[in-house]
Amino acid sequence: MTQTSISGTTGTGAAVVPALRLAGVTKDFGDVHAVRGIDLTLEPGEIVAFLGPNGAGKTTTIDMMLGLSKPTTGTVDVLGLQPRQAIARGLVSAVMQTGGLLKDLTVRETVAYMDNLFADTAPVDEVLHTAGIESIADRKVGKCSGGEQQRLRFAMALLSDPALLLLDEPTTGMDVEGRRNFWSAIRADAEKGRTVLFATHYLEEADQYADRIILISQGKIVADGTGSQIKALAAGRTVRATLPGADATELSALPGVESVDIRGEAVYIHAKDTDAIARHLLTTTAAHDLEITARGLEDAFLSLTGDAQGAPDSTDSTTSQGASA
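Predicted, not measured: the structure shown is a model, and the values here were computed from it.

Scoring rules and cut-offs
- Residues numbered from 1 in each chain as written.
- Predicted model: local features only at pLDDT ≥ 70, side-chain atom pairs only at ≥ 80, totals over all residues.
- Heavy atoms only, no water.
- Pairing = 2+ DSSP bridges.
- Helix = DSSP H or I, 4+ residues; strand = E, 2+ residues; numbered from the N terminus.
- Axes fitted to C-alpha atoms, helices over the stretch in contact; angles between N-to-C directions.
- Contact = heavy atoms within 4.5 Å.
- Buried < 20%, exposed > 50% of the residue type's maximum accessible area, 1.4 Å probe, protein only.
- 1 Å grid on protein atoms, 1.4 Å probe; cavity = no way out; pocket = protein on both sides within 12 Å on 5 of 7 lines; lining within 4 Å.
- Points joined across faces, edges and corners; volume = space filled by probe spheres on them.
- Nonpolar A, V, L, I, M, F, W, Y, C, P; charged D, E, K, R; others polar.

### Some thoughts on the sheet that holds strand β1 (residues 20-29)
Thinking step 1. Across the sheet, which stays open at both edges, the three strands sit in the order β2-β1-β4 with antiparallel pairing between neighbours. Edge positions in the open sheet fall to β2 (32-42) and β4 (73-78), since each of these has one partner strand only. Pairwise comparison of adjacent strand axes, ignoring direction, gives a mean angle of 20° for this sheet.
Thinking step 2. Across five bridges, β1 lies against β4 in antiparallel orientation. What sits directly across from Ala-23, in β4, is Thr-75.
Thinking step 3. Lying on the sheet, helix α1 (residues 58-65) is in contact with β1, β2 and β4; it crosses β1 at an angle near 120°.

Laid out in structure tokens, this is it:
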């Protein structure tokens with residue numbers, strides 16, 4: 001799938017400045033080509049998931065967006081500025097997984113401390129409310145759960161009212177309700193024009209909450225589109241059936257079969273012509289409880305990135321730099 005290219009205008013006809021624009025970006029570490037030519041444009045108000053297997057180049061690319069690293073070739077513009085200029089003006093914030101918290105301060109004291117580092121900030125109570133941590137404002141940070149600490153980082157990132165928010169595994173440690181509330185807050189923010197780019201290993205989270213999903217593999221963008229568009233790139237469907245004593249070698253030899261996964265008495269067969277596979281199972285084997293389903297985002301992820309592990313990873317093998325808001 002070709003990369004989405006979007007341009008917009010305001011009601012007066014003036015061009016809208018992209019929230020983020022990468023053009024011909026590469027990054028080399030000696031003989032290692034971590035990023036191999038990325039062209040990417042994000043518009044104001046988009047919520048974009050950035051997915052890829054370990055070592056794909058995600059963190060390296062995010063480092064360049066944050067001005068922590070310069071591209072070997074190509075350009076990175078954030079709201080029409082160089083990344084460090086945009087960050088200095090409080091236009092960009094990042095929520096990372098670890099670091100940046102003093103355990104002996106309360107939640108409110110932590111946010112108030114960060115508030116003093118900016119010339120122009122949103123009210124402390126407002127960001128606590130948006131992050132959903134008003135009720136724990138007087139709790140020591142060291143007594144907060146991992147999910148609560150992530151919400152605290154989110155509140156800190158909102159202080160400068162950034163136009164671009166970069167999130168690295170933002171809901172790690174949150175329960176189901178916490179994740180739902182977090183993404184409700186993100187959606188409300190995006191509707192006001194804030195752009196959000198997030199990396200996550202929760203594929204269902206990307207599918208449910210992102211307006212757009214970008215898959216990166218081996219330093220290149222391999223797919224860019226909505227969740228439905230990405231899933232459509234994974235051709236074929238899956239046949240699931242109960243088949244005691246299933247022979248994986250025999251099933252793999254059937255015409256059109258791409259993969260076979262046996263889990264106890266359950267067999268999962270990925271194929272382009274699932275109707276033919278279903279007929280074979282029902283007429284020549286003892287298979288029962290058969291169903292055919294469309295392939296999901298995980299199937300598309302595996303197909304497009306060639307990742308044998310089956311899940312994206314938030315850390316690149318080429319670099320481990322991070323940033324806090």
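### What to know about the environment of Thr-110
Thinking step 1. Position of Thr-110 among the secondary structure elements: in helix α3 (residues 107-115).
Thinking step 2. The class of Thr-110 is buried, set by a relative accessible area of 4%.
Thinking step 3. As a C-alpha pair, Thr-110 and Arg-153 span 43 residues in sequence and 9.6 Å in three-dimensional space.
Thinking step 4. Ignoring sequence-local partners within four residues, the contact set of Thr-110 consists of Leu-101, Leu-102, Leu-105, Val-141, Leu-152 and Met-156.

### Some details on the layout of surface pockets
Thinking step 1. Counted as a void, the largest pocket has a volume near 310 Å³.
Thinking step 2. For the largest pocket, the lining is made up of 14 residues, of which Thr-238, Arg-263, Tyr-268, His-270 and Asp-299 are closest to its centre.
Thinking step 3. For the lining of the largest pocket, the secondary structure elements donating two or more residues are β11 (257-263), β12 (266-271), β13 (288-294) and α11 (297-305).
Thinking step 4. Element by element, the count of residues in the lining of the largest pocket is highest for β11, at four residues.
Thinking step 5. Here the lining of the largest pocket is built from residues that sort into four nonpolar, five polar and five charged.

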